[in-house]
Protein chains: 4
Amino acid sequence: MHMTIRVAVAGASGYAGGETLRLLADHPEVEVGALTAHSNAGTLLGEHHPHLRSLAARELVPTTPENLAGHDVVVLALPHGASGAIAAQLPDDVLVIDLGADHRLASADDWQAYYRSEHAGTWPYGMPELLLAPGARTAPTEDTPLTKQRENLTGARRIAVPGCNVTAVTLGLQPGIASGLLDPADLVAVLAVGYSGAGKSLKPHLLAAEGLGSAQPYAVGGSHRHIPEIAQNLRAAGAHDVSISFTPVLVPMSRGILATATARLAPGHAGTTTRALREAWDEAYVGEPFVELLPEGQWPTTAMTLGANTALVQVAFDERAGRVVMVTAIDNLVKGTAGAAVQSMNIALGLPQTLGLTVQGVAP
Amino acid sequence: MHMTIRVAVAGASGYAGGETLRLLADHPEVEVGALTAHSNAGTLLGEHHPHLRSLAARELVPTTPENLAGHDVVVLALPHGASGAIAAQLPDDVLVIDLGADHRLASADDWQAYYRSEHAGTWPYGMPELLLAPGARTAPTEDTPLTKQRENLTGARRIAVPGCNVTAVTLGLQPGIASGLLDPADLVAVLAVGYSGAGKSLKPHLLAAEGLGSAQPYAVGGSHRHIPEIAQNLRAAGAHDVSISFTPVLVPMSRGILATATARLAPGHAGTTTRALREAWDEAYVGEPFVELLPEGQWPTTAMTLGANTALVQVAFDERAGRVVMVTAIDNLVKGTAGAAVQSMNIALGLPQTLGLTVQGVAP
Amino acid sequence: MHMTIRVAVAGASGYAGGETLRLLADHPEVEVGALTAHSNAGTLLGEHHPHLRSLAARELVPTTPENLAGHDVVVLALPHGASGAIAAQLPDDVLVIDLGADHRLASADDWQAYYRSEHAGTWPYGMPELLLAPGARTAPTEDTPLTKQRENLTGARRIAVPGCNVTAVTLGLQPGIASGLLDPADLVAVLAVGYSGAGKSLKPHLLAAEGLGSAQPYAVGGSHRHIPEIAQNLRAAGAHDVSISFTPVLVPMSRGILATATARLAPGHAGTTTRALREAWDEAYVGEPFVELLPEGQWPTTAMTLGANTALVQVAFDERAGRVVMVTAIDNLVKGTAGAAVQSMNIALGLPQTLGLTVQGVAP
Amino acid sequence: MHMTIRVAVAGASGYAGGETLRLLADHPEVEVGALTAHSNAGTLLGEHHPHLRSLAARELVPTTPENLAGHDVVVLALPHGASGAIAAQLPDDVLVIDLGADHRLASADDWQAYYRSEHAGTWPYGMPELLLAPGARTAPTEDTPLTKQRENLTGARRIAVPGCNVTAVTLGLQPGIASGLLDPADLVAVLAVGYSGAGKSLKPHLLAAEGLGSAQPYAVGGSHRHIPEIAQNLRAAGAHDVSISFTPVLVPMSRGILATATARLAPGHAGTTTRALREAWDEAYVGEPFVELLPEGQWPTTAMTLGANTALVQVAFDERAGRVVMVTAIDNLVKGTAGAAVQSMNIALGLPQTLGLTVQGVAP
């Protein structure tokens with residue numbers, strides 16, 4: 001017997017909205033309801049997302065509470081700062097999933113510092129695999145199993161989907177933080193990021209002519225808005241003081257994030273080995289359908305995750321450098337955005353979390 | 001109630017084999033059986049296709065009749081010329097699907113001329129949407145509906161999957177040929193082709209350093225092996241003498257074919273318009289789940305079809321040039337290879353033809 | 001002893017202006033003078049073209065006759081339709097080179113039909129290698145050598161630089177037209193084009209996220225503005241009635257045009273061979289520093305021409321198809337735009353035409 | 001009056017050899033002499049580097065002392081480990097420039113550890129801008145100017161050209177090391193690298209189908225051979241103990257390195273600012289023709305350096321992270337290899353160091 005979930009998507013003409021619709025269109029329990037837009041209201045979805053053939057003839061309507069009414073789930077794929085107002089007008093018993101940043105940060109100060117607008121409040125965080133302390137500071141055992149954010153999503157009616165870069169960096173680092181193996185006080189992350197991560201905004205440096213054949217860093221020097229969110233996650237996993245140098249680099253691919261993170265060992269772990277380290281990542285992700293530690297020696301590439309909801313991780317200890325290096329690959333639009341939303345929706349509604357999601361990447 | 005179909009893939013380490021496994025791994029009625037290889041026997045699938053997470057730990061066994069025995073379906077993803085011998089040793093009641101060229105051409109002379117080896121014979125052709133004359137020479141009507149190759153695939157136990165470029169060019173041209181609107185005697189096709197279309201062969205011009213930032217033509221001047229197969233298809237659709245100038249150009253993308261075909265109008269159709277032409281394409285593809293004529297004025301791009309089994313077509317009449325131009329986009333590894341195989345398998349086994357296939361492209 | 005030529009560039013912040021400056025900055029006889037812009041006036045060149053290190057600190061001034069005064073050469077890199085007005089205000093003895101389309105077309109009707117604005121008149125055409133009839137209809141001999149557009153550029157003070165696609169198609173086809181080997185009445189050209197060819201305009205389909213991994217046709221069906229210019233060139237080379245089906249396809253590279261053109265043999269040449277055809281192309285381009293017929297069997301790629309002023313051509317006869325296929329590769333911003341401007345400037349001013357230009361491509 | 005320098009290139013069919021020839025072909029004082037190869041001897045250069053039009057017809061001869069005799073300069077573009085033997089057979093008064101790693105490392109132990117073969121000895125290091133201690137530990141002043149490696153190259157007859165990644169990382173970090181502002185004991189570098197950096201080797205992960213649309217890390221965890229060379233350079237600049245975490249990531253471009261390096265401030269510099277830091281980089285590179293600190297706030301991209309001999313650097317202090325971030329962009333084949341060779345050759349022979357080299361990148 002099927003239940004059918006009616007889902008509306010607000011902001012359907014952007015990349016995040018489009019990717020959400022790509023997944024929902026093939027989700028066995030979902031019926032796609034209203035598709036809303038702001039300036040694009042009145043146009044057809046196929047003018048913006050011609051790759052979504054089964055929905056191409058659907059018309060976009062204005063983003064209003066009226067148009068979003070009568071759905072079981074409303075996905076907000078709106079510009080940062082825009083979802084607070086509309087969410088406030090939606091019934092409490094409707095599952096509202098925010099792909100924007102508005103409801104991610106617990107600290108109003110962090111919000112002010114990085115987004116310079118009024119803090120909309122905090123919603124349950126849509127990263128089921130996020131590790132939660134206590135028990136996090138010591139290596140987990142059968143007696144004190146790891147707890148994860150998943151349990152906070154069951155039955156939730158408001159969900160804040162993580163930032164894409166945040167997901168890649170958090171999933172790479174957190175097992176080492178939660179197990180106390182890594183020192184969170186001097187982290188470094190450099191990310192190769194595909195252009196869809198920058199959204200559909202018409203800026204010169206996002207033109208194909210500029211991006212093709214080039215690597216372009218941006219938000220260098222600590223200004224990127226994903227930094228406080230990473231720190232918040234690692235604190236949740238058990239870190240006290242988190243400091244991270246974070247540099248994203250746009251590279252010529254439409255999708256994908258390859259995050260290279262490095263950290264020093266925490267005091268007292270000097271004599272460790274790569275094999276020993278792997279146990280913590282293994283334990284953190286064993287049984288997870290979408291986060292996987294690759295076999296020793298195999299490193300993730302973004303192509304492995306294209307179109308899939310997988311996050312692939314590898315870790316090694318560089319003894320000469322005295323640093324642990326962790327590499328994580330995700331598809332920024334799937335596990336980094338829309339896939340995390342669908343996985344969290346499944347959990348919130350009591351469905352199998354894997355429904356409508358795949359682990360097979362589209363490669364080569 | 002579920003039936004489970006056991007499918008073996010011979011040549012699992014190549015691109016065609018890998019893509020077939022990507023689709024089969026998520027096919028609701030399929031259980032993936034033996035994975036075989038030649039020089040890669042004994043290695044794990046994950047060493048060759050790390051993007052296929054659910055099958056990564058599977059070991060490749062040698063390509064022998066013994067290893068392929070006990071399956072309902074055997075997919076042959078072998079080098080051209082290799083499938084004839086192995087197919088001859090498989091039981092008649094097993095569905096054998098050949099992704100290679102060996103069983104596509106009806107003419108032994110064509111085979112000799114282009115492949116220079118012994119002709120393995122001809123199998124039912126795995127292009128369900130291929131139009132079949134008679135009735136083809138006149139515009140189809142309710143009384144004389146179009147017949148298609150689909151009906152020849154029902155219950156088939158041997159299927160030859162079309163070449164990827166052949167599929168793009170045939171689906172673009174055939175409605176105009178079958179309806180008698182186009183003159184098949186002077187066709188021109190130029191294709192932008194992604195690198196996976198060249199297979200996993202280690203040749204200098206296929207290196208990333210050579211391909212990135214460049215457009216490279218190949219097999220120019222009439223030597224490409226897909227030419228006789230296109231002509232065979234258009235003759236099946238009703239053409240008498242077919243002659244086609246065919247030029248593929250490798251462009252910097254991993255997947256996708258964008259085929260631009262042009263043709264002169266057949267005698268007696270001088271006064272036509274784009275709108276009038278569209279009726280023939282509309283009629284040919286109405287109700288087809290995977291082949292679609294786009295709305296007037298919208299042209300296909302390969303990104304619209306990435307990872308999907310769709311072929312998107314557009315047609316226009318250039319009055320000044322006196323030529324009709326048709327553009328078709330497909331994913332060379334899906335509708336061009338593995339998706340056509342799965343769609344044909346579904347038809348042959350009496351399943352819904354869309355099972356395990358999507359129409360949503362992975363874009364941007 | 002050096003002469004120093006002072007050159008101003010109007011429209012310096014766009015791609016055509018930037019590429020002109022890249023070449024002029026290293027030109028041994030040139031001193032770069034005023035750099036002008038419209039909305040970008042008051043900014044530094046380095047904000048728009050940070051790759052031009054020796055000019056990065058130069059300020060852009062408004063595009064006015066006053067700012068352009070006092071130069072030996074003024075290059076206009078302005079939007080189509082804008083150069084007529086400013087050119088009218090420049091002295092007759094200043095060499096004015098228009099990179100825009102305004103002064104290319106001899107026919108006011110063609111201008112109206114494709115550009116829908118007032119015709120600014122016609123200037124000497126900046127394609128030195130353009131073949132000129134008469135003598136063109138018969139195979140050239142020692143007694144009746146080929147004449148070329150070069151001689152019309154010596155001493156010229158107004159030059160209209162050809163369109164980039166026009167250059168690629170004209171140089172590929174014209175030897176066959178001038179020698180009477182090809183029938184100009186049914187030509188087909190399909191071009192793989194890099195994104196810089198679309199200019200620096202902020203349109204969604206030009207975003208990197210859209211272009212990467214995709215092939216996108218545009219201006220399909222006979223609407224492209226370069227069509228009448230190609231026809232004009234081929235008529236100059238000796239064709240009577242020219243008709244050409246022209247389809248450009250954007251592919252994921254920042255620069256480069258690979259033009260595949262096909263034509264039927266003219267009556268009376270049925271028995272020809274590729275070798276025989278090559279003689280006409282050989283004769284047309286022997287001694288040309290920047291246009292080269294590649295050795296038989298080697299086909300051009302755009303990477304061979306990146307950053308160079310070369311046009312590389314290959315030709316073959318496809319007997320089965322009954323068509324001759326010609327492939328031409330150029331860098332759209334060099335031989336297709338700025339390089340043609342510098343070469344023409346050299347000729348107009350009596351300098352060696354190769355000054356400041358290279359034949360070595362930047363590859364891989 | 002011109003002097004003409006006869007230059008031979010051994011290993012002309014590879015990428016490093018080809019790029020050297022691209023620069024030498026347009027060098028005003030150079031005559032290209034013998035071109036040698038191993039397995040490709042007897043073929044034409046145009047079969048391997050068709051982009052080098054002026055040399056395409058030149059034949060490759062075997063790499064022997066006889067064929068390399070009678071030249072003023074011999075450039076060795078051979079596989080690592082191969083140049084020692086051939087160099088030993090060349091006269092002392094011939095300038096021999098090794099593009100391979102054989103003569104870079106002063107420590108035989110480092111060579112053994114990373115290259116596992118016999119150490120060929122150490123040659124003057126071809127990085128003119130390398131800073132040399134003493135005086136390096138204190139901020140430089142008029143009285144104690146910075147000394148650089150340039151002076152060790154004047155009149156040299158043996159030169160070891162640096163590794164491409166080494167050049168990017170060294171030029172970014174060394175001003176901070178030499179001035180004592182940065183702590184060399186915990187450096188982190190992550191590099192986005194184009195595929196030509198991997199050379200012309202036929203490996204599956206270097207195929208275009210694999211590289212397009214993907215980011216692939218390699219030699220992760222401290223195994224990359226460039227690590228000891230970076231440490232050697234930073235020690236030369238004044239560091240005592242150097243330790244660096246180094247991760248290269250292949251991204252879909254044919255050329256270019258974007259190196260993101262981070263370091264902690266040295267003790268006693270806690271209160272610093274980005275502006276204060278910039279002074280050290282400014283002082284290190286003021287007057288350098290090919291290494292430039294970009295204006296504050298502008299970050300390098302690889303496209304800015306394509307085909308040019310420039311290294312573009314930017315630095316900023318991330319106060320929250322407590323780390324300084326430095327980004328450097330180069331063209332791996334120019335400033336990273338062949339351009340460094342030509343610049344060093346110019347210096348060794350007493351020519352202006354900029355001869356035959358440009359600072360203008362080929363962009364977009």
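These figures come from a predicted structure and were not determined experimentally.

A. The arrangement of the domain arrangement of chain A in detail. All names here are of chain A. According to the domain assignment, chain A contains domain 1 (5-161 + 336-348) and domain 2 (164-332). Taking only C-alpha atoms, the centre of domain 1 and the centre of domain 2 are 22 Å apart. Taken together, the contacts link 37 residues of domain 1 with 40 residues of domain 2. Taken together, both faces of the contact between domain 1 and domain 2 bury some 3,000 Å²; the carbon and sulfur share is 48%.

B. Quick peek at the packing of helix H7 (residues 164-178) of chain C against helix H10 (residues 274-285) of chain C. Residue and element names in this part refer to chain C. It is the contact of H7 with H10, at a shortest axis distance of 8 Å, that shows an interaxial angle of 115°. Of the possible angle classes, the one that applies to H7 and H10 is roughly perpendicular. In terms of crossing hand, the pair formed by H7 and H10 is right-handed. On H10, the residues touching Thr170, Leu171, Gly172, Leu173, Gln174, Pro175 and Gly176 of H7 are Ala280, Trp281, Ala284 and Tyr285. Residue classes in the contact of H7 with H10 are distributed as seven nonpolar, four polar and no charged.

C. Looking closely at the relation of the copies chain D and chain C. Each copy of the sequence occupies a distinct position, and chain D is placed on chain C by a rotation of 180° and an axial shift of 0.0 Å, giving an RMSD of 0.0 Å. These values place the two chain copies in the arrangement generated by a two-fold rotation axis. No C-alpha of chain D lies nearer the rotation axis than that of Gly213 of chain D, which sits 3.4 Å from it. In this assembly the copies share their binding face: 100% of the residues contributing to the interface of chain D also contribute to that of chain C.

D. Seen up close, the confidence of the model for chain A. Per-residue confidence for chain A gives a mean pLDDT of 95, with 96% of residues at or over 70. Across the whole predicted complex the pTM is 0.97, and at the interface the ipTM reaches 0.96.

E. Molecular detail of the packing of aromatic side chains. Residue and element names in this part refer to chain A. Per the counting criterion, the structure on display carries four aromatic pairs over all chains. Look at Trp111 and Tyr115: their rings are 4.1 Å apart centre to centre, the planes differ by 10°, and that puts the pair in the stacked class. Linking Trp111 with Tyr115, this pair stays in helix H5 (residues 108-115), spanning four residues, or about one helical turn. On the basis of relative accessible area, Trp111 is assigned to the buried category, the value being 1%. Take Tyr115: its relative accessible area is 7%, and that puts it in the buried class. Cation over ring: Arg158 sits above Trp123, and NZ or CZ is 5.7 Å from the ring centre.

F. Layout of the interface of chain D and chain A. On the side of chain A, 41 residues touch chain D, which itself brings 41 residues to the contact. Here chain D meets chain A over a buried area of about 3,300 Å², counting both sides, of which 63% is carbon and sulfur. For the interface between chain D and chain A, the tally reads four salt bridges. The partner of Asp186 of chain A in a salt bridge is Arg264 of chain D, with the nearest N and O atoms 2.9 Å apart. Linking chain D to chain A there are 14 residue pairs in polar contact (both at pLDDT 80 or more). Only helix H5 (108-115), strand E9 (187-193), helix H8 (208-211), strand E10 (216-217), strand E11 (244-250), strand E12 (257-264), strand E14 (311-318) and strand E15 (323-330) of chain D provide two or more residues apiece to the side of chain D that touches chain A. Looking at side-chain class alone, the side of chain D that touches chain A contains 23 nonpolar, twelve polar and six charged residues.

G. Summary view of unusual backbone geometry. Residue and element names in this part refer to chain B. For the peptide bond that leads from Ala363 to Pro364, omega is 0°, which places it in the cis range. Position of Pro364 among the secondary structure elements: in the segment after helix H11 (334-348). A positive phi angle, close to 50°, is found at Arg116, a residue other than glycine. With respect to the helices and strands, Arg116 occurs in the loop between helix H5 (108-115) and strand E6 (131-132). Its identity as a non-glycine residue notwithstanding, Ala219 has a phi of 50°, on the positive side. Relative to the helices and strands, Ala219 resides in the loop between strand E10 (216-217) and helix H9 (227-236).

H. Structural context of the environment of Gly356 of chain C. All names here are of chain C. With respect to the secondary-structure elements, Gly356 resides in the segment after helix H11 (334-348). Its relative accessible area of 26% is what places Gly356 among the partly exposed residues. In this structure, the C-alpha to C-alpha distance between Gly356 and Glu29, residues 327 residues apart in sequence, is 8.4 Å. Apart from residues no more than four positions distant in its own chain, Gly356 is found in contact with Leu23, His27 and Pro28.

I. Representation of the UniProt feature "active site" (unreviewed entry) in chain A within the structure. UniProt tags Cys164 of chain A as "active site" (unreviewed entry). Looking at the secondary structure, you find Cys164 of chain A in helix H7 (residues 164-178).

J. Seen up close, the sheet that holds E9 of chain D. Residue and element names in this part refer to chain D. Spatially, seven strands are ordered E10-E11-E9-E12-E15-E14-E13 in an open sheet, and the strand pairing comes out mixed. Edge positions in the sheet fall to E10 and strand E13 (291-293), since each of these pairs with one other strand and no more. Pairing of E9 with E11, which is carried by seven bridges, proceeds in the parallel orientation. Counted as the bridge partner of Leu187 is Ile244 from E11. Strands E13, E14 and E15 of the sheet are contacted by helix H10 (residues 274-285), whose axis makes an angle of about 155° with E14.

K. Molecular detail of the pairing of E11 of chain D. Counting buried residues along E11 of chain D, seven of its seven residues qualify, which places the element largely inside the surrounding structure. Going residue by residue along E11 of chain D, you find Ile244, Phe246, Pro248 and Leu250 of chain D tucked away on one face and Ser245, Thr247 and Val249 of chain D tucked away on the opposite face as well.

L. Highlighting helix H11 (residues 334-348) of chain D. All names here are of chain D. For H11, built from 15 residues, the straight-helix expectation of 21 Å at 1.5 Å per residue is missed by more than 12%, its first-to-last C-alpha distance being only 18 Å. Its maximal kink placed at Ala340, H11 deviates by approximately 45°. With respect to burial, H11 is a largely interior element, 15 of its 15 residues being buried. Positive phi shows up at Gly350, right after H11, with a value of about 75°.

M. Layout of the side chain of Asn346 of chain A. Residues and elements named next belong to chain A. Within the secondary structure, Asn346 sits in helix H11 (residues 334-348). Judged by relative accessible area, Asn346 falls into the buried class, the value being 0%. Not counting residues within four places of it along the chain, the set of residues in contact with Asn346 comprises His27, Leu351, Pro352, Gln353, Thr354, Leu355 and Leu357.

N. Main features of the pairing of strand E4 (residues 73-76) of chain D. Residues and elements named next belong to chain D. Side chains Val73 and Val75 project from E4 onto one buried face, and the interleaved Val74 and Leu76 project onto a second face that is buried too. Sheet topology places strand E1 (residues 5-10) next to E4; four bridges connect them, and they run parallel. Across the sheet, Val9 pairs through a bridge with Val75, a residue of E4.

O. Inspection of the interface of chain D and chain C at higher detail. In this assembly, 32 residues from chain D lie in contact with 32 residues from chain C. Both sides of the chain D and chain C interface together cover about 2,500 Å² of buried area, and 55% of this is carbon and sulfur. Area buried by chain D at its contact with chain C is led by Arg53, Gln360 and Pro364 of chain D, which between them contribute 31% of it. The partner of Arg53 of chain D in a salt bridge is Glu292 of chain C, with the nearest N and O atoms 2.7 Å apart. For the pair chain D and chain C, the number of links is 18 residue pairs in polar contact (both at pLDDT 80 or more). It is helix H1 (residues 15-25) of chain D that contributes the most residues to the side of chain D that touches chain C, four residues altogether. For the side of chain D that touches chain C, the per-class residue count stands at 15 nonpolar, eleven polar and six charged.

Thresholds applied
Residues numbered from 1 in each chain as written. Chains lettered and ligands numbered in written order. Predicted model: local features only at pLDDT ≥ 70, side-chain atom pairs only at ≥ 80, totals over all residues. Heavy atoms only, no water. Domains from an automatic or database assignment. Contact = heavy atoms within 4.5 Å. Buried area = accessible area lost by both parts, 1.4 Å probe. Axes fitted to C-alpha atoms, helices over the stretch in contact; angles between N-to-C directions. Helix = DSSP H or I, 4+ residues; strand = E, 2+ residues; numbered from the N terminus. Parallel < 35°, antiparallel > 145°, perpendicular 65-115°, else oblique. Left-handed = near helix turned anticlockwise from the far one by under 90°. Nonpolar A, V, L, I, M, F, W, Y, C, P; charged D, E, K, R; others polar. Least-squares fit on C-alpha atoms with pLDDT ≥ 70 in both. pLDDT = per-residue confidence, 0-100. Phe/Tyr/Trp six-rings, centres within 6.5 Å; stacked < 30°, edge-to-face > 60°. Buried < 20%, exposed > 50% of the residue type's maximum accessible area, 1.4 Å probe, protein only. Lys NZ or Arg CZ within 6 Å of the ring centre and 35° of its normal. Salt bridge = Lys/Arg side-chain N within 4 Å of Asp/Glu carboxyl O. Polar contact = N/O pair within 3.5 Å; in protein donor to acceptor, adjacent residues only side chain to side chain. UniProt positions renumbered as here; feature names shortened; annotations may be inferred. Pairing = 2+ DSSP bridges. Expected span 1.5 Å × (residues − 1). Bend = angle between axes of the 7 residues up to and from the residue.

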